[in-house]
Structure formats: C-alpha cells, structure tokens
Amino acid sequence: MTDTYLHLVNHGATRTVAKKLGLPRPPVLRRYEPGAPLVAGPVLVAGRGPDADAVAQHLAGPPAEGGWDLAVHRHADDGVRYAAVVAVLTEVARPSDLADPALVVGGVLKGLLPGGRVVTLSRPALPDDGPALAAARQGVDGFLRSLAKELRGGATGNGVVVAAGVPVTAASVLATLRFFLSARSAYVDGQLLEVDADVPAGPVVADEARPLEGRVVVVTGAAQGIGRAIVETLVRDGARVVAVDVPAAGEKLARVANAVRGTALQLDVTAADAGTRILEHALARHGRLDVMVHNAGITRDKLLANMAPDRWSSVLAVNVEAQLRITEALLESGEFVDAPRLVALASTSGIAGNRGQTNYAASKAGVIGMVRATAPLLAPFGGTANAVAPGFIETEMTARIPPVTRQVARRLSTLQQGGLPVDVAEAVAFLASPAAGGIQGRTLRVCGQNLVGR
Amino acid sequence: MSPSATIGTPGTRVGDSSGGAGTPGGARPAYVLGGNRVPFARAFTAYARSSNQDLLTAALDGLVARHGLQGERIGEVAAGAVLKHSRDFNLTREAVLGSALDPTTPAFDVQQACATSLETVVALSNKIRLGQLESAIAGGVDTTSDAPVAVDDRLRRTLVELQRARTPQARLRALARIRPAHLVPDAPSASEPRTGLSMGEHQALTTAQWGISRSAQDEVAVRSHQRLAAAWDAGFFDDLVTPYRGLTRDGNLRADTTLEKLAALKPVFGKDLPGEATMTAGNSTPLTDGASTVLLGSAAWAAEHGLTPWAAVVDAEVAAVDFVHGEDGLLMAPVFAVPRLLARNGLTLDDLDLVEVHEAFAATVVCTLTAWESDAFGRERLGLDGAFGSVKPERLNVHGSSLAAGHPFAATGGRIVATVAKELHLRRRALLADGDDRPVRALVSVCAAGGLGLAALLEAA
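Note that the structure is a prediction, hence the values are computed from the model and not measured.

Novice: Help me understand the overall build of chain B in this model?
Specialist: In terms of regular secondary structure, chain B is built from 15 helices and twelve strands. For 461 residues, the compact-globule formula gives about 23 Å, and the C-alpha radius of gyration of chain B, at 22 Å, lands near that figure. On the principal axes, the C-alpha backbone points of chain B span a range of 85 × 60 × 45 Å. The 461 residues of chain B split such that 56% are buried. Of the contacts formed within chain B by residues at least 6 apart in sequence, a portion of 81% connects residues at least 24 apart.

See below:
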C-alpha cells in the first residue's frame, strides 16, 4: 500500500539520482491537519467585476464577519509567490473575455508555491445562453482542465460552477471554494463541481473544525480501506458514527468502532431488511440519522465474454441495488429529514469505463445516476445526494493488482500517484457537511486528474 | 438421599420470583441487553496461539463495539475459565484493562466448571436486582490450546525443597532425587479427581444406566448441527458473534452431517462397559477454544444507552448430585435443579417456549429428558405425583447447542444465555405484533463437573 517510488524520488540520495536522470517525480501532497492555515501564503483573486470584488472581500474579510482573513491581492505583484489563485470568471460574456484573466493566472504559475491552488469560479453554459456566452462559459471547462495538467509540485486546479441565480457568495459556493483551496482536496484535480442552489449554511457550529458536531452518520463497508478512512474523517469533523460491514469483517469493524467511539453494526447490505436494521440501530443508539454514506462495494472483474451470471449480479447487488433499497427505507421512514446528506461511492470506472469491469462500471455509473435522481427527493428536507468517484486509491484492494500494472495505474494521472483513502474521505466529509447543501446530485472525482474520462 | 430432601430445599435463589409483581423478574429486573462471543474453534486450530486473556478481551471488545461502550465504566464484569494458568488469577480484570472499557471498571473471577458463565449471569443479575449495580458484563472463556501444563507432583516437591536448601550439599541431595519419570508433565485432563474417570466415561455410565440408544444420541447431534447452521445462514448471529483471528463461524459446525455419517463413527467412551458402546466423537462435544460475554443492565441503564432489553433473568437454581457414592450420574444435577426452579415459579415445562439443555454429550440431553419423562423417577426421586414432564423437540435447543458450536467450558453458559435471550425478544415482538401479550419464557440448564447443575429462568422483556 505504500508507493515506494514516490518515496524514493522525494528523499535522500535517490532523489538526486532521479532528478539527474529526469525521471518523473510525483510530488508529496500536502494533506489537511486541524489547525493548519487554509493556504500557506498570499492569494491572488483574478477577474474584474462585482463578483470578483465580492469574493476578494470575503477572502480578505475579518473572521468576526465570517471572512477568511487571507492576504488577498487583486493585482499580480512581481516576485510574489502565491499560494493560490482564484479566477472569478462568472462575468465573461464572450470567449475573448477569457484572455485577460487567463493570462493573469498564467503569469503567476511559475511562482506558485508547492501545493498551490488554482480555482476558477464560473457559470454553466446553458442552451439559452446565446452562442457567444455559452462558448465563453464552456471555454472555462477546457481552460481549467488543461491548466491543471500544467501544474507541478502538488498544485491542483479545480473549478466551482455556480448555477444561474446563485450568488458567488452563497454558502455552498464559498464552502466549495474553501474545500478546493484547502489541503482537504489534495487529490482532487482538474474537476469542476456545480453548485446548484443557494441554501443556508446550516446551523452555526460552535467549533468550525467540527462541522458535523451532533450529526449521526452511517458508513457501510467501514471495516477497512476507504470506509475506515471515511469513519475516521467524519468523526474528526465531529460526527457520531455507526460503522457497518459484513459479519465476516466483524473483527476489523469492531476495532474501527472502538477507535472512534462509534457503534459496530454487522450487516450484509444486500439483506432485504438492511435499511430498517440500519435505521433502527441509529435511532435506538444515537437518536437520529443524518448522513448515509454508501461505501460498501465489491469487484468481480472479468471480460464480459467470460462473465458468469453471479459475478455480474453480485457486483450490481452490492454496489447499487443495496444502496437503492437502503435509501428507499430511509426515505419511507420519515426519519431522514433534518437536512439529510447521502453520499455514495462511484468510481472513475463508471465514468471512463474500464476493460474487464463491465459489471463494476455499470454499477458505479448507476450510482452516478442514482444520486442525481435522489437529490430532488431529499431537497424538500434541505437534503442532498451526491457521489464521490475515486480514481486509483492506495488500498488493500488495489494492493492486490499485479505490481507492474499497479505502477502504471498510479502514474496515469496529473499528480502521477495514487490517492490515499483519506483523500476520498475528505471529499465525502465535505459533501456531508451542512455548508455543502447547495450541491445536489453531483459526482465529484477524487482521482488526481486521471488521464481517462472527464 | 430421600426424594423430598432433593426437591425440598432451594439452593441459590435470584431475588423474588416473577409470580407476584407485574414485571417479569420482579420490581427491579435485571435484563439481558445483548451479547457477544468469538466464533468457537476446535482446539489447536484458529486460536491455537490465543490465551484465555486474548480470547476474553476479544469477546469484550466486540461487545463494546456493538453497544458503543468505549470508555464506559461498567458496574462490574465477572467471568472465568476452567483451564486456567495460575498467573491468570485476575483474568477478568486483566481482560477489562486490555479492552476498550473504562479501566476503572471492576471485575472478579468465577469458576464453577462448565456452569461458570451461567453462574456469572446469575450472580451479576442478583446484584443488579439488589440495586448494587446498574450494568454488568457476564462471561467466560476457555482454551484447551493454551491450557496450563503442570509438573509432576514429585518434581514440584523437589523444586520447592531445592529453593529452601541453604547448602550446596542440601541442593545436591534434592536434585539427586529427581527421576526421569518426574519430568513428564501432567497434561490437563477432564477427569474427575474423586473417580479418575473422564467426563465421557462418566456419561457412558449414565448412558448405560438409562439405556440410551446410539440413534437417539445421533439424532440430537444431527439436529444440533442443522439448527446451528440454519441460524448462521439466517444471519441470527450477526449481532451475537464477532469474528476473531480469521474465523467467521463456529469451527466445529458440520452443516452437512447426516445420521449415516454419524453412524459410521467408532465409539470412544464406554468401550469397557458391558453392553454396546454408543458414544462417539460425533455425539460428544470436542475440546474447544472460545469466549462469550453477556451484557446485563437495569431498565434505566438500558434506556440511557439506547439499548432494548431482550429478556429478564427471573430466577435460578443450583443442584448437585452425589455421583461418587450415589445412584445419579455425574452430569444429572440439572434433572433436580429444574423441577425445583419451576416449582418455585409456579411453572411446568409446558409453560416454557424455549428450553436450552447444554449438550455436553448428546446422551446427557437424552438422559435428562428421559428422567423427566419417567413416572418412577418423578415419584421416587423428584417427590412428584408422576413424571415431571416432557420437552417438545421444537422448543429444545432451537438454534443448536454445544454439539455443533463446540464447548469451551466456561464460555458455554454465556453463549446460551445471549442466544436464547435474543430469541425470546424476537418471539415476544412477533407475538405482540399479532396482538398476543402473553409471557414468553425460556429455561437454561447447564450440567458441570463435580456433579453440579445450574438452571436459570428467563422471560422476554
């Protein structure tokens, strides 16, 4: 599970050798630590107009007024090394309007600090925008994805796409911007995440580092790997957790639950009464259920031509049918109504496709469709449903991939390395947070900008 | 021993009986709130490298995880082991200190042979009912794989003398007395100190005394395996067992066993007795490693912790038989304990929805039921007007018992109590859903070495 190559090219004598040989040197990514500053230096806000001014003002504003207290520049100063660039492109009207902000961003890239951030704010291109406006808005998509591929040193580029009618200072827009700026999004790269609605940021929490304080979360597949990281991350953010996994994984599950003072629920998610049992357990033990994380998943890879019926159906049963049934039980119960959050695990295989994974990709693409259609069902309660699509993540599951294939898979992304389970967990925690209420039915990739798919 | 003396005086009694008060278990009932055990393993298999303390700690940690008791100070934990190293004098307390429970949770050890963990359930329930405790964990553990091996008594005396010796000459004199034969360690055995007979040979005597057939025993064994397998398949143990060391189901379970397969086995006990030897490895329990725990609490404590009471521990009765000089077999004490227990509670066997008779051997179960069905035994030994009664097969050991699960001596009572308490809860819930508000009761009966027998009465909460 450790990426030895990544270690060698970044440490000691082997680092020098790798540098001399011109070997690809994937960077060591900066990851979130409670108490660390949001960004490690000054922030340049590029773009002209009221939106850019409002964003700059919020970033520089005093904490007492909800501002982030960052060192914000509105013009690129020579010789200044920026930690982040925020390009506010919501007011572009024609493709030619992109020139100025794009070139301003370009001018500071060489001086971007390690682990730097470029974040665009833009509007989605819609059919009734008019051709020039739509071209400009869609242009941001290609600009950002290509820019992200040029970044080095663990820097990432991501975009917030703000739906029509939603102000750039809406709670969820700022929350998404903050997530992209922070080390929580270490392995999220080249992604554009839509914010669909301007919903209140939720109750003000006493401790800003614990946005999930008082919330009760259920995580399936919690005994190891990504599931365990999700449990640990959500607990760090203040949640109380019900950790669910198959009875056979009970020993590891008990260890996870005991480490975070949660409760362990041994359960096969494909059981007909899984939803009821989850709900009963959460209500009895913790009094409520606020966040459902559908993480349990399996792979049964085989070329379709050689696919046995049970390999196909078991993958679909665990990865998407079980999620649908459990969600349905929660919806019917009338207990999943206090700004509920549903976060499901999709996969880049479900977006780009993967040879030998027709079953898995069908299930994971299914998840993407599922959350899109579930979001409107939860919206009346201030709820959301979203998916996280991991790329290559260093887990016990991917550790079983043959070594050469594994090495290749790791490097096939802009960040040239696999992600860690915590990277996926951070994205889940973000989507589960009260401030992400405006993101509805979306799928966020955590893939280091994997070279396949969008 | 006169019949009236046998049935007359109650032994251990848990608080008041369920008779008068409206709540099962009296005014301040002690409830079974849940349980956890590790899958039981045949000796020298999955847990070959685990100690009693490892196993008990694992069972505790699983219980803590399931019920969210991390850092919780439980009123008291009681458990024990039959095969115990002398260094494990504080086994339960040490297991608590190694678990996720609050380290200020007190504990004590109990040893009552195979009745150990049932006895801890009874003792702790008593304390809860008296108001001395709000919560408790009962349990037991045994491993034959890590059993203490003792040195020969002659060698032990020599070593003690050697330590006492002051002069080199005295030391040499002591050492000179050691003979090669003294160096052979005493392996642990399940033989009775007063008779030298193994438990199996004792049961073989009783089996012959009651004329129990091979086929009757094999039927008990097959049913045990089939029922335990069905319970595993149905997910019944999802919230009763936490896997350990890669073992996810009871290692002794043979779901595919049949009467034909069992009939092919050679007898292992009673081969020197006149008449046919009927007891085989298939209808006797194997040496087993495992640990079990039961979470107990008052109604208030359960409510505070969001836990649903499964069943009240209503009453218990202990008995002993004089197997050395008398006519009763080593494992027949429950035959006397149960009638006394039910009489005190104004109940008969027909009033019980579930009856758990620990399957030390299939023959133990059949002997027990046969004695209860015997008019002569009922009149002459139990002081009744006739037979004590019979137990319908569909109420007996409904999810299998020790023949299939295995029998880690001190852990068996905990396994049975948690299993039957959950079943009581499910049955009561189903009946209530149908508008039927009748009491649902279970009997747990465990025989033990030394001619001991312990029985407990539970009622669905």
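Novice: Please clarify how the overall build of chain A should be interpreted in this entry.
Specialist: What chain A contains, in helices and strands, is 14 helices and 13 strands. Taking 454 residues into account, the globule formula puts the C-alpha radius of gyration at 22 Å, and chain A, at 22 Å, falls close to it. Along the longest, intermediate and shortest principal axes, the C-alpha atoms of chain A span 60 × 55 × 45 Å. For chain A, the proportion of its 454 residues judged to be buried stands at 53%. Taking the intrachain contacts of chain A between residues at least 6 apart in sequence as the baseline, contacts between residues at least 24 apart amount to 75%.

Novice: How should I be thinking about the sheet that holds strand E8 (residues 240-245) of chain A in this particular structure?
Specialist: The strands making up a sheet associate through hydrogen bonds between their backbones, and the pairing can be parallel or antiparallel. Residues and elements named next belong to chain A. Read from one edge of the open sheet, seven strands run E9-E8-E7-E10-E11-E12-E13, paired in parallel fashion. With one partner strand each, in any of the chains shown, strand E9 (263-266) and strand E13 (443-446) form the two edges of the open sheet. Going across the sheet, the axis of each strand differs from the next one's by a mean of 20 degrees, ignoring polarity. Where strand E7 (residues 216-220) lies against E8, five bridges are found, and the strand directions are parallel. The partner of Val-217 across the bridge, within E8, is Val-241.

Novice: How do you make sense of the nonpolar core when you look at a structure like this?
Specialist: In summary, soluble globular proteins display a tendency toward joint burial of nonpolar side chains. Residues Val-86, Ala-243 and Val-388 of chain A together with Leu-296 and Leu-458 of chain B are the most contacted members of the largest nonpolar core, which totals 278 residues. Counting residues domain by domain, this core receives three or more from each of domain 2 (37-195) and domain 3 (216-446) of chain A. In this structure Val-388 of chain A touches Val-343, Leu-345, Ala-346, Val-424, Ala-427, Val-428, Leu-431, Leu-444 and Val-446 of chain A, once residues within four positions along its chain are discounted.

Novice: Even after reading the chapter, I still don't get the interface of chain A and chain B, so can you show me in this structure?
Specialist: The parts lose accessible area when they come together, and the size of an interface is often stated as this lost area. The interface of chain A with chain B comprises 18 residues on the first partner and 19 residues on the second. For the side of chain A that touches chain B, the secondary structure elements donating two or more residues are helix H8 (250-260), E9 and helix H9 (274-286) of chain A. Residue contributions to the side of chain A that touches chain B peak at five residues, all from H8 of chain A. Of the residues that constitute the side of chain A that touches chain B, the class distribution is eight nonpolar, six polar and four charged.

Novice: I'm lost on unusual backbone geometry in this one. Help?
Specialist: Residue and element names in this part refer to chain A. The phi dihedral of Ala-339 falls on the positive side, at around 45 degrees, and the residue is not glycine. Secondary-structure assignment places Ala-339 in the loop between helix H10 (309-333) and strand E11 (341-345). What makes Ala-339 partly exposed here is the crowd of 18 C-beta atoms within 10 Å.

Novice: Looking at this model, I keep getting lost on helix H7 (residues 225-236) of chain A. Mind explaining?
Specialist: All names here are of chain A. With twelve residues, H7 extends 17 Å between its outermost C-alpha atoms, agreeing within 8% with the 16 Å of an ideal straight helix rising 1.5 Å per residue. Within H7, eleven of the twelve residues are buried, leaving the element largely enclosed by the surrounding structure. Regarding H7, the residues found buried are Gly-225, Ile-226, Gly-227, Arg-228, Ala-229, Ile-230, Val-231, Glu-232, Thr-233, Leu-234 and Val-235. Tucked inside the fold, the buried residues of H7 contact E7, E8, H8, strand E10 (291-294), strand E12 (384-390) and helix H14 (421-432). Of the residues trailing H7, Gly-238 is marked for its positive phi of about 110 degrees.

Novice: Just checking my understanding: could you explain the UniProt feature "domain: Thiolase C-terminal" (unreviewed entry) in chain B for this structure?
Specialist: In the UniProt entry, the feature "domain: Thiolase C-terminal" (unreviewed entry) is given for residues 308-459 of chain B. Secondary structure within residues 308-459 of chain B divides into 36% helix and 20% strand; the distance between the first and last C-alpha atoms comes to 14 Å.

Novice: I'm lost on the UniProt feature "domain: Ketoreductase" (unreviewed entry) in chain A in this one. Help?
Specialist: Residues given the UniProt feature "domain: Ketoreductase" (unreviewed entry) here are residues 215-391 of chain A. The span residues 215-391 of chain A is 49% helix and 18% strand, and its two end C-alpha atoms sit 28 Å from each other.

Novice: Honestly, the pairing of strand E3 (residues 84-88) of chain A in this entry has me stumped. Any pointers?
Specialist: Every other side chain in a regular strand lies on the same face of the sheet, so the side chains alternate between the two faces. Residue and element names in this part refer to chain A. Burial analysis of E3 places five of its five residues in the buried class, which makes it a mostly covered element. Burial along E3 is two-sided: Ala-84, Val-86 and Val-88 facing one way and Val-85 and Ala-87 facing the other are all buried. Pairing geometry for strand E1 (residues 43-46) and E3, over four bridges, is parallel. Paired with Leu-44 across the two strands is Val-85, which belongs to E3. Since E3 and strand E4 (residues 117-122) lie parallel, the crossover through helix H4 (residues 99-109) that links them has a hand, and here it is right-handed.

Novice: In this structure, what is going on with the environment of Ala-58 of chain B? I would like to understand it.
Specialist: All names here are of chain B. Mapped onto the secondary structure, Ala-58 falls in helix H2 (residues 52-67). Note on Ala-58: 28 C-beta atoms within 10 Å, which makes it buried. Taking C-alpha positions, Ala-58 is 9.7 Å from Arg-245, a pair spaced 187 residues apart along the chain. Apart from residues no more than four positions distant in its own chain, Ala-58 is found in contact with Val-38, Tyr-244 and Ala-291.

Novice: Whenever I open this one, the domain arrangement of chain A confuses me. Can you help?
Specialist: All names here are of chain A. Domain boundaries in chain A define domain 1 (1-30), domain 2 (37-195) and domain 3 (216-446). Facing seven residues of domain 1, the contacting portion of domain 3 comprises eleven residues. Grouping the constituent residues of the side of domain 1 that touches domain 3 by class yields six nonpolar, no polar and one charged.

Novice: Looking at this structure, I do not really get the pairing of E8 of chain A. What am I missing?
Specialist: Residue and element names in this part refer to chain A. Within E8, six of the six residues are buried, which leaves it mostly tucked inside the rest of the structure. With burial as the criterion, each face of E8 is covered, one bearing Arg-240, Val-242 and Val-244 and the other bearing Val-241, Ala-243 and Asp-245. Crossover handedness for the path E7 to H7 to E8: right-handed. Sheet analysis places E8 next to E9, joined by four bridges and oriented parallel. For Val-242, the partnering residue across the bridge sits in E9 and is Thr-263. Handedness of the crossover joining E8 and E9 through H8 is recorded here as right-handed.

Novice: It is not clear to me how the packing of helix H7 (residues 199-210) of chain B against helix H12 (residues 362-373) of chain B should be interpreted in this structure. Could you clarify?
Specialist: Think of two packed helices as two axes; the pair is described by the angle between the axes and how far apart they sit. Residue and element names in this part refer to chain B. At their nearest, the axes of H7 and H12 sit 10 Å apart, and the two run at 40 degrees to each other. Taken together, H7 and H12 sit at an angle that is classed as oblique. Seen along the crossing, H7 lies across H12 with a hand that is left-handed. From H7, Gln-203, Thr-206, Thr-207 and Trp-210 reach across to H12, where they touch Ala-363, Thr-364, Cys-367 and Thr-370. Here the contact of H7 with H12 is built from residues that sort into three nonpolar, five polar and no charged.

Novice: Help me understand the sheet that holds strand E5 (residues 156-162) of chain A, please; the structure alone is not making it clear to me.
Specialist: Residues and elements named next belong to chain A. Sheet architecture is open: six strands sit in the order E2-E1-E3-E4-E5-E6, paired in parallel fashion. The open sheet terminates on both sides in strands that have one partner only, identified here as strand E2 (72-73) and strand E6 (192-195). The pairing of E5 with E6 spans four bridges and is parallel. Note on E6: the bridge partner recorded for Val-162 is Val-195.

Novice: Would you explain the environment of Ala-264 of chain B in this entry?
Specialist: Residue and element names in this part refer to chain B. Position of Ala-264 among the secondary structure elements: in the loop between helix H9 (259-263) and strand E6 (267-269). For Ala-264, a count of 10 C-beta atoms within 10 Å corresponds to the exposed category. A sequence separation of 52 residues divides Ala-264 from Ala-316, and the C-alpha atoms of the two residues are 40 Å apart.

Novice: Can you walk me through the environment of Ala-373 of chain A in this structure?
Specialist: Residue and element names in this part refer to chain A. Its location among the elements puts Ala-373 in helix H12 (residues 358-378). Assessed through the 11 C-beta atoms surrounding it within 10 Å, Ala-373 is described here as exposed. Along the chain, Ala-373 and Gly-441 lie 68 residues apart, while their C-alpha atoms are 6.9 Å from each other.

Novice: Sorry, what's going on with the confidence of the model for chain B here?
Specialist: If pLDDT is low for a region, its predicted coordinates should not be looked at in detail. On average, chain B scores 92 in pLDDT, and the residues at 70 or more come to 94%. The low-confidence segment residues 1-21 of chain B (pLDDT under 50) makes 53 contacts with residues lying over four places distant or belonging to another chain.

Conventions adopted
Residues numbered from 1 in each chain as written. Chains lettered and ligands numbered in written order. Predicted model: local features only at pLDDT ≥ 70, side-chain atom pairs only at ≥ 80, totals over all residues. Helix = DSSP H or I, 4+ residues; strand = E, 2+ residues; numbered from the N terminus. Rg over C-alpha atoms; globule rule 2.2 N^0.38 Å. Buried ≥ 20, exposed ≤ 12 C-beta atoms within 10 Å, placed from the backbone. Contact = placed C-beta atoms within 7 Å. Pairing = 2+ DSSP bridges. Axes fitted to C-alpha atoms, helices over the stretch in contact; angles between N-to-C directions. Core = buried A, V, L, I, M, F, W, Y, C linked by C-beta atoms within 7 Å. Domains from an automatic or database assignment. Nonpolar A, V, L, I, M, F, W, Y, C, P; charged D, E, K, R; others polar. Expected span 1.5 Å × (residues − 1). UniProt positions renumbered as here; feature names shortened; annotations may be inferred. Right-handed = clockwise from strand over helix to strand, strands pointing away. Parallel < 35°, antiparallel > 145°, perpendicular 65-115°, else oblique. Left-handed = near helix turned anticlockwise from the far one by under 90°. pLDDT = per-residue confidence, 0-100.

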